[in-house]
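Residues per chain, in single letters:
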Amino acid sequence: MVGLEAVGYLPKATDASGHDGPAVIVASNFHMNRSEAQRATCYSRAHQCSGSAVQHDAASTTAASADVPGRGIACMLTAVFVFSVQDAVVKWITADYPVMQVIFFRGVFGMISCAVIVWRDGGWAKARTRRLGAHLWRGGLILGALISFYLAISMMPLADVVAIAFSAPLFMTALSVPLLGEHVGARRWAAVGVGFVGVVIVVRPGAGVLEPAALLAIVSSVLFAIGMTVTRRLSRSESSATILLYFTLLNIVVGGAFMPFQWVTPPLADGLLLASVGLTGSIGAYLMFEAFRLTPVAVVAPFEFSALIWAMLFGYLVWGDVPGGAVFLGAAVVVGSNLYIVHREARRKVAAPPPRLPA
């Protein structure tokens with residue numbers, strides 16, 4: 001799922017006025033404003049920060065980012081390709097291996113990059129938490145979204161599932177009102193409504209009944225949206241590395257609990273594919289964070305929707321799936337709604353007063 005590997009790695013977010021605000025989520029991934037992206041990528045630059053406030057001059061940051069829009073776009077396109085390959089690998093290997101075994105391998109090999117991030121964030125001692133229950137609640141939601149998504153792509157064409165997955169930001173926008181107490185204007189509500197119409201077009205419920213696989217894809221988007229609202233609250237007191245660590249551990253524990261009953265010994269080639277699920281997530285997340293650090297969200301966000309192109313291409317080349325007209329139409333409606341929400345969010349942040357700097 002494009003970007004879902006990155007959900008554990010969310011820094012504290014502030015809006016343009018300096019108050020806590022929502023991360024802008026597009027497709028299946030959170031989109032960060034530039035200061036958030038800078039904090040997220042500080043690990044790759046070996047800075048010792050933990051997702052807490054890192055002061056930047058907005059004008060200088062914008063100028064620096066504006067110098068490399070081509071690199072940012074290239075990072076986004078590469079990240080989307082990497083995540084799309086991961087989705088295709090998951091669809092391929094779930095034909096022979098249980099989803100929970102994929103989750104287990106994802107956690108085990110994802111722990112490699114997680115250990116590096118925790119080390120750069122200050123070590124294991126700094127990753128201790130007093131909010132274990134919140135981590136388990138948040139991790140359970142995101143893990144449920146991941147399992148539902150993997151089950152869905154094992155039963156449906158890739159393009160169909162990816163198109164439905166783009167509804168996650170629509171659910172997030174809608175849920176931000178009751179769960180985060182945020183204000184959503186009439187125009188964004190209209191975009192959410194139109195986006196859900198696009199989801200219905202893709203799902204094409206026959207005789208009023210949803211196919212189980214399509215329902216799983218929708219459940220995945222809903223769980224992801226709820227999980228991101230919990231992440232928003234949790235990130236106010238917990239570092240990004242800590243959130244990532246406990247989520248990765250949860251993958252290992254939950255997936256490992258099923259291994260005595262579902263383990264299938266893979267040959268070397270399949271073992272490498274299973275390992276790649278965790279490793280590609282780390283590579284894709286790094287590239288995506290770099291994209292938002294280098295380039296304004298309004299510029300780079302639309303390129304994330306190239307995931308649909310890759311999903312259609314892999315689906316056709318590997319499984320012979322040819323998307324119907326309803327998938328193209330519904331996907332266009334969902335993508336258009338997401339882009340409008342990003343546009344409105346960008347305008348809202350531009351219109352917000354600048355933060356007060358200490359004298």
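Above this text sits the structure in question.
Here the structure is a predicted model, which is why all the values come from computation and not from measurement. (Residues numbered from 1 in each chain as written. Predicted model: local features only at pLDDT ≥ 70, side-chain atom pairs only at ≥ 80, totals over all residues. Heavy atoms only, no water.)

J.: Break down the nonpolar core for me, with residues and values.
T.: With 68 residues, the main nonpolar core has Ile103, Tyr150 and Ile164 as its most contacted residues. Here the element with the most residues in this core is helix H3 (residues 69–93); it accounts for ten residues. Once residues lying within four places of it in the same chain are set aside, the contact partners of isoleucine 164 are Met156, Val202, Val203, Ala214, Ala217, Ile218 and Ser221. Counting eight residues, the second largest nonpolar core, distinct from the first, contains Met111, Cys114, Ile117 and Ala241. (Core = buried A, V, L, I, M, F, W, Y, C linked by side-chain atoms within 4.5 Å. Buried < 20%, exposed > 50% of the residue type's maximum accessible area, 1.4 Å probe, protein only. Helix = DSSP H or I, 4+ residues; strand = E, 2+ residues; numbered from the N terminus. Contact = heavy atoms within 4.5 Å.)

J.: Pulling in residues and values, what's your account of helix H8 (residues 186–203)?
T.: Along its 18 residues, H8 runs 26 Å from first to last C-alpha, staying within 8% of the 26 Å computed at 1.5 Å per residue. Arg188, Ala191, Val192, Gly195, Gly198, Val199, Val202 and Val203 are the residues of H8 that are buried. Along H8, the residues classed as buried sweep out an arc of 130° about the axis, all on the same side. Once H8 ends, the next one or two residues include arginine 204, with phi positive near 50°. (Expected span 1.5 Å × (residues − 1). Arc of directions from axis to C-beta.)

J.: Please give an account of the packing of aromatic side chains that cites residues and values.
T.: Within the structure shown, the criterion is met by ten aromatic pairs. Look at phenylalanine 105 and phenylalanine 109: their rings are 6.1 Å apart centre to centre, the planes differ by 10°, and that puts the pair in the stacked class. Of the two residues, phenylalanine 105 and phenylalanine 109 both sit in helix H4 (residues 99–120), four residues apart, roughly one turn of that helix. Of the residues examined, phenylalanine 105 reaches a relative accessible area of 10% and is grouped as buried. Seen from their ring centres, phenylalanine 105 and tryptophan 263 are 5.8 Å apart, and the 15° between their planes marks the pair as stacked. Residue phenylalanine 105 is found in helix H4, and its partner tryptophan 263 is found in the loop between helix H10 (240–262) and helix H11 (268–294); the two are separated by 158 residues along the sequence. Tryptophan 263 sits in the partly exposed class, given a relative accessible area of 39%. Chaining the aromatic ring pairs together yields one cluster made of Phe104, Phe105, Phe109 and Trp263. Directly above the aromatic system of tryptophan 319 lies the positively charged group of lysine 91, at a separation of 5.3 Å from the ring centroid. Cation over ring: arginine 138 sits above phenylalanine 247, and NZ or CZ is 5.2 Å from the ring centre. (Phe/Tyr/Trp six-rings, centres within 6.5 Å; stacked < 30°, edge-to-face > 60°. Lys NZ or Arg CZ within 6 Å of the ring centre and 35° of its normal.)

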